[in-house]
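Results of the structural survey
Each chain, written out:
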Amino acid sequence: MTPVPYRSNLRMLPELGEVTSMTQNETTLESEIADRVFRRGEDSAILRMSESEIQAYKPQDDRRMVVNMGPQHPSTHGVLRLSLEMEGETVIRSKPIIGYLHTGMEKTGEQLSYLQGATNVTRMDYSSPLFSELAFSLATEKLLEIEVPERAKWIRMLMCELNRISSHLLFQATNGMDIGAVGAMIYGWREREEVLRLLEKITGLRMNHNFIRPGGVAADLPDGWRDDTLQILSNLPERLEDFDGLFTGQPIWHERLQGVGVINSEECLALGVTGPLLRSTGYAWDLRKDMPYLHYDQVDFDVLVGTYGDCFDRFAIRLNEIRESIRIVYQILEKMPSGDYRTQDKKITPPPRTRIDESMEALIHHFKIFTEGFKVPAGEVYVAVESPRGELGCYIVSDGGPKPYRMHIRGPSFTNLQVLPHMLQNALVADAVAVISTVDPIMGEVDR
Amino acid sequence: MTEIDPQEDNNAETETNSAIPSDQTMYEVPISNSRGQTILHPDRDQYLDTIKKLSEDGFKVCIDVTAVDYLENPERDLPNSISPERFEVVINLLSHQKKERLRLRIQVPESDPVISSIFDFYPGSEALEREVYDLFGIEFEGHPDPTRILMPENWNGHPLRKDYDAGAIPVQFKNAPGAG
């Protein structure tokens, strides 16, 4: 195994669209891996066999063996299973085997009305549930061709950025634990719990909020939300310094992460990889900045990019994206307008409870919305948002009825998992743990 | 009670025609428009050429490959030259330079659910195509690893097809054995 050189010299970041591999000129090894993702045969990094074929597979070279990792392996983030073809401790080919959490959520989505749909999609990516709700709601609203009130948009942004903070803190916790810094879990969990407490106060639930719904959000922000948010925002930067102290400068941390699981921009684009993985290669693509939705064009923040596309860059990007999110939340607090938190279209929004006692129409609307659901004009749309893991898209086909004819969620974790075999090739099995961890897949979203 | 409000149904019917099929073309392929999003409708036989043109024209990322089974809903907005089939493979492409998305909808007949794989242009479509094969039974010709991905290997049927029943297990809430 040839070691990949790292941290040698800084280069200029590439222009958007102009793909250059950061380490292209440094070694011949790097130029070789430019086309590795297109390989089909035995030299590919992927062990392209079905499960039973892998079980029966005996490598011809008797130094090689096939080792099964997972699905109950503690570092595989739930139920990811990897089949590794190894030579000694070096991984030659591998294949992620998924589907252990498959519960047919897309099929379920076809049985639920648009109002119920958010309850379903929120269970996909359980560490950043508000983003799936947002993608689903935006897609439904695009089909309905309605505009949600300003306050609803800003509340959605607030919730999403808080969720991004909690999701990245979860990453810090699990990443540290996977690599052996068990203390990280305590710190990461403590910080995340504070954010979740605020989310619970606003939505009523720690996870699976079902808060962002077609037409707006479920409820207005509760009393004292501003103080609670400010409290978290003022505590967090100091706590993030702790993370820097614990990890960022530590030699052991560098040894474990730097130069491990290297991938370049070209490969990321070919594989459809998005989010922090793509940005770690120095490619500044963030949907919030480049194809803004909600009011992300009205807030000021930086898109963070790495240089080397290794595990360390992915760790550092996620840590610093928390800081950017804090910046965004401060601006949201300033700009939060007053007004309605959901659209006043009576056909879509259920009437307030008190109106039902007074008005026959309100009763009828309430009955219709909750028994039959509101009808959505026929058509099909794809809407994408930037989740903490990358592009989370929702594709809905409507036939004009109250339930989606087809509801598909494009989960970033699902697509991002495809880089695993390429990152793992020629790596040590101990590095596999670090690589899986920094890809940060959420299996609920992978398997749906 | 449900019959009190007839107006709602009228509204839904008048709005169904909002995406009017057009006869325009783009990359020599008929296009349509749904809520402001551009959709290309290439032929099944020629679509690899379209994919090639698009990938050379800056659409470097294949964001999503999925499919729709139009068994229960054969009527939909399509350009006049395209005849509807039971399955539709939907490919989402993204151009970072132009900052725009294009969607390809390719008709796939029920009798011959086979379509060429786009692996050679977008290797990232590998898992997505496997998912479509697994859940819809549409085969991708030239795919390097045509195996199931989400369902168990020995599973019968393709769950996201509309003639595949959703199924439900009755749940006993009261007087369940073992419940205190």
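Residues numbered from 1 in each chain as written. Chains lettered and ligands numbered in written order. Predicted model: local features only at pLDDT ≥ 70, side-chain atom pairs only at ≥ 80, totals over all residues.

In this section: the packing of helix H13 (residues 311–335) of chain A against helix H18 (residues 429–439) of chain A. Residues and elements named next belong to chain A. Put simply, H13 and H18 touch, their axes get as near as 9 Å, and they point 35° apart. Of the two possible hands of crossing, H13 and H18 adopt the one that is left-handed. Residue-level contacts link Cys311, Arg314 and Phe315 of H13 to Ala434, Val435 and Thr438 of H18. Considering only residue class, the contact of H13 with H18 consists of 4 nonpolar, 1 polar and 1 charged. (Axes fitted to C-alpha atoms, helices over the stretch in contact; angles between N-to-C directions. Helix = DSSP H or I, 4+ residues; strand = E, 2+ residues; numbered from the N terminus. Left-handed = near helix turned anticlockwise from the far one by under 90°. Contact = placed C-beta atoms within 7 Å. Nonpolar A, V, L, I, M, F, W, Y, C, P; charged D, E, K, R; others polar.)

The next thing to look at is the environment of Ala434(A). Residue and element names in this part refer to chain A. Here Ala434 shows up in helix H18. Accessibility expressed as a C-beta count within 10 Å gives 26 for Ala434, which makes it buried. Between the C-alpha atoms of Ala434 and Leu424, which are 10 residues apart in sequence, the distance is 10.0 Å. Leaving out residues up to four positions away in the same chain, Ala434 has contacts with Asp178, Ile179, Arg256, Leu257, Val260, Gly261 and Cys311. (Buried ≥ 20, exposed ≤ 12 C-beta atoms within 10 Å, placed from the backbone.)

Take the nonpolar core next. With 154 residues, the main nonpolar core has Ala135(A), Ala139(A), Val435(A), Val89(B), Leu93(B), Val132(B) and Ile138(B) as its most contacted residues. If one sorts the elements of this core by residue count, helix H6 (residues 150–179) of chain A sits on top with 14 residues. What Ala139(A) contacts, discounting residues up to four positions off in sequence, is Val381(A), Val383(A), Cys394(A) and Ile396(A). (Core = buried A, V, L, I, M, F, W, Y, C linked by C-beta atoms within 7 Å.)

Now for helix H15 (residues 360–371) of chain A. Residue and element names in this part refer to chain A. Here H15 is 12 residues long and its end C-alpha atoms lie 16 Å apart, about the 16 Å a rise of 1.5 Å per residue gives. Restricting attention to buried positions, one finds in H15 the residues His365, Lys368 and Ile369. With its buried residues spanning 95° around the axis, H15 presents them on a single face. Counted as exposed and oriented over 90 degrees from the buried face of H15: Met360, Phe370 and Thr371. Phi turns positive, to about 90°, at Gly373, one or two residues after H15. (Expected span 1.5 Å × (residues − 1). Arc of directions from axis to C-beta.)

The next point concerns the pairing of strand S5 (residues 87–95) of chain B. Residue and element names in this part refer to chain B. Most of S5 is tucked away, with 8 of its 9 residues classed as buried. As paired elements, strand S4 (residues 61–69) and S5 share 8 bridges and run antiparallel to each other. Bridging across to S5, Asp69 finds its partner in Phe87. Two elements, S5 and strand S6 (residues 100–108), share 9 bridges in a ladder whose sense is antiparallel. Looking across to S6, one finds that Leu93 is bridged to Leu102. (Pairing = 2+ DSSP bridges.)

Residues and elements named next belong to chain A. Pairing in this open sheet of 3 strands is antiparallel, and the strands run S6-S7-S8 from one edge to the other. Looking at which strands have only one partner, the edges of the open sheet turn out to be strand S6 (379–387) and strand S8 (406–410). Neighbour-to-neighbour, the strand axes of the sheet open up by a mean angle of 10°, direction not taken into account. Where strand S7 (residues 390–398) and S8 come together, 5 bridges link them in antiparallel fashion. Paired with Cys394 across the strands is Ile409, a residue of S8. Sheet strands in contact with helix H5 (residues 129–144) are S6, S7 and S8, and its direction is about 150° off that of S6.

Nothing here speaks to function; it is all geometry.
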